[in-house]
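Per-entry structural report
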Amino acid sequence: MSTQPDTPSADSTESMTVREAIRAALREEMDRDEDVFVMGEDVGNYGGVFEVTDGLYEEYGDERVRDTPISEAGFVGAGVGAAASGTRPVVEVMFSDFLGVAGEQIMNQMAKMRYMFGGKAEMPITVRTTEGGGMGAASQHSGTPHTWFAHFPGLKAVTPGTPKAAKGLLKSAIRSNDPVFFFENKLMYEQDGEVPTDPSYTAPIGEAAVEREGSDVTVVATQRLVGESLSVADDLAGEVDVEVVDLRSLYPLDTETLADSIRKTGRMVIADESPVSYGVHAEVVSRMVEDEFFSLDAPLQRVGVPDTHVPFSTPLEDEVVPDGDDVRSAIHQVV
Amino acid sequence: MTLISMKDSDGREEALRRMLLIREFDSTAGDLFADGDIPGFVHLYIGEEAVAVGACAALDEEDFITSTHRGHGHCIAKGLDPRRMMAELLGKRDGYCNGKGGSMHIADVDANMLGANGIVGAGPPLAAGAALTCQYHDEDRVALAFLGDGAVAQGQIHEAINLAATWDLPAVFLVENNHFGEGTPVEEQHNVENLSETAESYNIPGFTVDGMDVTAVNEAVEEARKRAIAGDGPTFIEAETYRYRGHFEGDPQPYRTEEDVERWQQRDPIDAFTEQLIDRGELAESELDDLRAEVEAEIEEAVEFAREADEPTPEEAYDDMFGEPVPEIERFANALRTDGRGGDPQ
Ligand SMILES: Cc1ncc(C[n+]2csc(CCOP(=O)(O)OP(=O)(O)O)c2C)c(N)n1
Ligand SMILES: [Mg+2]
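What you see is a predicted model, and the numbers here were worked out from it, not measured in a lab.

**Notes on the side chain of Thr218(A)**
All names here are of chain A. Note on placement: Thr218 falls in strand β10 (residues 217-221). Within the structure, Thr218 has its side chain in polar contact with the side chain of Ser261 (distance 2.7 Å). In this structure, Thr218 is in contact with Glu243, Val245, Ser261, Ile262, Thr265, Arg267, Met268 and Val269, ignoring residues within four places of it in sequence.

Next up, the structure:
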């Protein structure tokens, strides 16, 4: 899986934020395919609460950038019905904490329809949603529930850690005939980086990206923790040679790239903002233990939210939301 | 072109034939279940045939429907093949879902039948979505959701109706009020006299029709379809009907008496319509006998087809999870191949 590069190779690039990269992906895919449309709460005239869809309503009109009532079950369900009947919806759920409201349509319709119907239904739906703490939004607007969706059979789940990955993965998600959950970390919208401008650039779902090569320890990170881990790696340069991998895709998961890395380093830290128990971390650990047991030189380490909800008050929030310091401590545990 | 024109006598005979076909299919399915040939849950449609047939007759082939856990009648009314339906009930590869769905999930997306559904109330949002596709593509097509009286208490159906009403989607919501949700009578689940009052909250037309009268259902849906394709939005129809069998096969039915059932059987939708056709001189007794014999033969053939069809092989459990397969599942499938438990892939 991991041997294929992103297509095409990213020759010409432009610096943009994650927000702009997502918007560019939406624009390019709406231009490419008339059946692509966006819907969600306040995505239209308002431009989205995080301003991701800003300007698209003016460009594409209210049919293709559609404001919905506050009915997650209704409009996610309508997205499923629309996808099964010949359109390609991109549904925005304002906060991932609200996904439970649409739980039934996700679990029993979106995820199961193709399989239950013996492969005869297509499900080209993308669900864009926001995750993560760090803005004092308290427990009901700060969760990172992506493990649920990576775990649930029939869904694909991606978590970009760079602007480039955000654009490439969203384009792949929209083109896919499978349901893909696209998780945007709220603190990343202003993060910038070089992004390929060629509209045919995509990042394949199911491939991790090595963001920094190193030989002493592998940090497998997602979302905001990719950037944090890269800073830590810079800080530790000369002392510890850290390899940083942006996992990018939770399901399918790129076991090969992780295995290649651990064969080289023998050590691994998994940094993901979801709660530590029963999560993405554990899945990566299992695969490394199953496939690369004899490459391991030290216990694998998990960095994530310590199984609490995300509290409101800043000192409390700072305690549980993982950051670069947590990654650094985990690295020091194993080298 | 509507599926069946109930304005002419050939169409009316076809409507009768389909009602008979549903009844024969379902009584046969009941027998097969009792004999242990059908695994899982089976919910029969007997008694409610006029609703599915009256409604689907008013639809175009290109129109979408969503169905319920009690879906066999909707399938046959929409024109699905009883042979492949029966094969699905028996878990065979030649079934509509290659044996992966069973009674509660029969679907034929190619025929715009978006599936029976094991989740009460899940169909209406899907129908709203299909109606959105019709509107988005600017086509003269509609989506009709069948739902039970019990489903009217589900939140997601109200979200779907509000969405469809607000966006003027070409949708029809058709409630089959068979007076029970499992074992609980409709009066104990709702605070309104007629479920069609639901429509008022959404400022859309709502009607209660006699669901034992195929013509009444047909006319109501025909009107609703016209409104929908004219861009005037959805209609909410309640059809009053009754199921003769238990909620599922094997239901001990402590919630009603045999007399209750018999009272409704006096107004049997097939008998009533047959009588009308005979009275009008459109159908002779001998033609009725022929029709019945034809329908019995068709279902017998369906059973034979289903019995002779192949079972799926264990490998097929790994197919169809995704359009673009994932290495995780390939790995599990490969493990099966290498330990030699798989049958012959055909
Ligand atoms: C969400 C959900 N809750 C409960 C059930 C269990 N269940 C299956 S059918 C049924 C009754 C449904 O009643 P109604 O909608 O009136 O349909 P009917 O069976 O009468 O055709 C129930 C409670 C289910 N399948 N889905
Ligand atoms: Mg009922």
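**Side note on the domain arrangement of chain A**
Accessible area lost on assembly of the parts is the figure often given for the size of an interface. Residue and element names in this part refer to chain A. In terms of domain boundaries, chain A breaks down into domain 1 (13-196) and domain 2 (209-334). Averaged C-alpha coordinates put domain 1 and domain 2 at centres separated by 25 Å. Between domain 1 and domain 2, the contact holds 28 residues from the first and 24 residues from the second. Between domain 1 and domain 2, a total of about 2,000 Å² is buried, with carbon and sulfur atoms accounting for 55% of that surface. At the junction of domain 1 and domain 2, the tally comes to zero salt bridges. At the boundary of domain 1 and domain 2, one finds twelve residue pairs in polar contact (both at pLDDT 80 or more). Within the residue set of the side of domain 1 that touches domain 2, elements represented by two or more residues are α6 (146-151), β6 (156-159), α7 (163-175) and β7 (180-185). For the side of domain 1 that touches domain 2, the element with the most residues is β6, which contributes four residues. Within the side of domain 1 that touches domain 2, the residues separate by chemical class into 13 nonpolar, 13 polar and two charged.

**Brief notes about the coordination of the magnesium ion (ligand 2)**
Residues and elements named next belong to chain B. For the magnesium ion (ligand 2), the full set of protein donor atoms is Asp149 (OD), Asn178 (OD1) and Phe180 (O), at a range of 2.1 Å. Assessed through its relative accessible area of 2%, Asp149 is described here as buried. Classification of Phe180 as buried rests on a relative accessible area of 10%.

**Some words on the site of ligand 1**
Residue and element names in this part refer to chain B. Neighbouring residues of ligand 1: 15 residues in total, closest His69, Arg70, Gly118, Gly150 and Asn178. Between an oxygen atom of ligand 1 and a side-chain N or O atom of His69, the distance comes to 2.6 Å. Contact between ligand 1 and Phe180: an oxygen atom at 2.9 Å from a main-chain N or O atom of the residue. The fraction of the free accessible surface of ligand 1 (580 Å²) that becomes covered by protein chains is 74%. Across the shell around ligand 1, the residue classes tally to four nonpolar, eight polar and three charged.

**Some remarks on the environment of Glu48(B)**
Residues and elements named next belong to chain B. Mapped onto the fold, Glu48 is located in the loop between α1 (9-34) and α2 (49-57). In this structure the C-alpha to C-alpha distance between Glu48 and Arg256, which are 208 residues apart in sequence, comes to 17 Å. In this structure, Glu48 is in contact with Arg70, Glu176, Asn178, Thr241, Tyr242 and Arg243, ignoring residues within four places of it in sequence. At 3.0 Å, the side chain of Glu48 and the side chain of Asn178 are in polar contact.

**Focus: the pairing of strand β13 (residues 268-275) of chain A**
Residue and element names in this part refer to chain A. Across the eight residues of β13, seven count as buried, placing the element largely inside the fold. With four bridges joining them, β10 and β13 adopt parallel strand pairing. Bridging from a neighbouring strand, Val220 pairs with Ile270 of β13. Inspection of the sheet shows β13 paired to strand β14 (residues 301-305) by four bridges, in the parallel sense. Of the residues in β14, the one forming a bridge with Val269 is Gln301. With helix α10 (residues 280-292) bridging β13 and the parallel β14, this β-α-β connection has right-handed handedness.

**So, the domain arrangement of chain B**
Residues and elements named next belong to chain B. Here chain B is partitioned into domain 1 (9-312) and domain 2 (313-346). The centre of domain 1, based on its C-alpha atoms, is set 35 Å off from the matching centre of domain 2. Sorting the residues of domain 1 by area buried against domain 2 places Arg93, Lys100 and Pro312 first, and these three jointly supply 86% of that buried surface. The interface formed by domain 1 and domain 2 contains two salt bridges. A salt bridge links Lys100 to Asp320; its shortest N-O distance comes to 2.9 Å. Between domain 1 and domain 2 we count four residue pairs in polar contact (both at pLDDT 80 or more) in total. Grouping the constituent residues of the side of domain 1 that touches domain 2 by class yields one nonpolar, one polar and four charged.

**Digging into the sheet that holds strand β5 (residues 126-131) of chain A**
Residue and element names in this part refer to chain A. Read across the open sheet, the seven strands follow the order β3-β2-β4-β5-β7-β6-β12; overall the sheet is mixed. Strand pairing shows two members of the sheet lacking a second neighbour, β3 (65-67) and β12 (248-251), which therefore form its edges. Each adjacent strand pair in this sheet contributes to an overall mean axis angle of 25°, direction not counted. Where β5 and β7 come together, six bridges link them in parallel fashion. Following the sheet pairing, Val127 is matched in β7 by Phe181.

Parameters and conventions
Residues numbered from 1 in each chain as written. Chains lettered and ligands numbered in written order. Predicted model: local features only at pLDDT ≥ 70, side-chain atom pairs only at ≥ 80, totals over all residues. Heavy atoms only, no water. Helix = DSSP H or I, 4+ residues; strand = E, 2+ residues; numbered from the N terminus. Polar contact = N/O pair within 3.5 Å; in protein donor to acceptor, adjacent residues only side chain to side chain. Contact = heavy atoms within 4.5 Å. Domains from an automatic or database assignment. Buried area = accessible area lost by both parts, 1.4 Å probe. Salt bridge = Lys/Arg side-chain N within 4 Å of Asp/Glu carboxyl O. Nonpolar A, V, L, I, M, F, W, Y, C, P; charged D, E, K, R; others polar. Donors = N, O, S within 2.8 Å, 3.2 Å for Na, K, Ca; no water. Buried < 20%, exposed > 50% of the residue type's maximum accessible area, 1.4 Å probe, protein only. Near = heavy atom within 4 Å. Areas by Shrake-Rupley, 256 points an atom, 1.4 Å probe, with all protein chains shown as cover. Pairing = 2+ DSSP bridges. Right-handed = clockwise from strand over helix to strand, strands pointing away. Axes fitted to C-alpha atoms, helices over the stretch in contact; angles between N-to-C directions.

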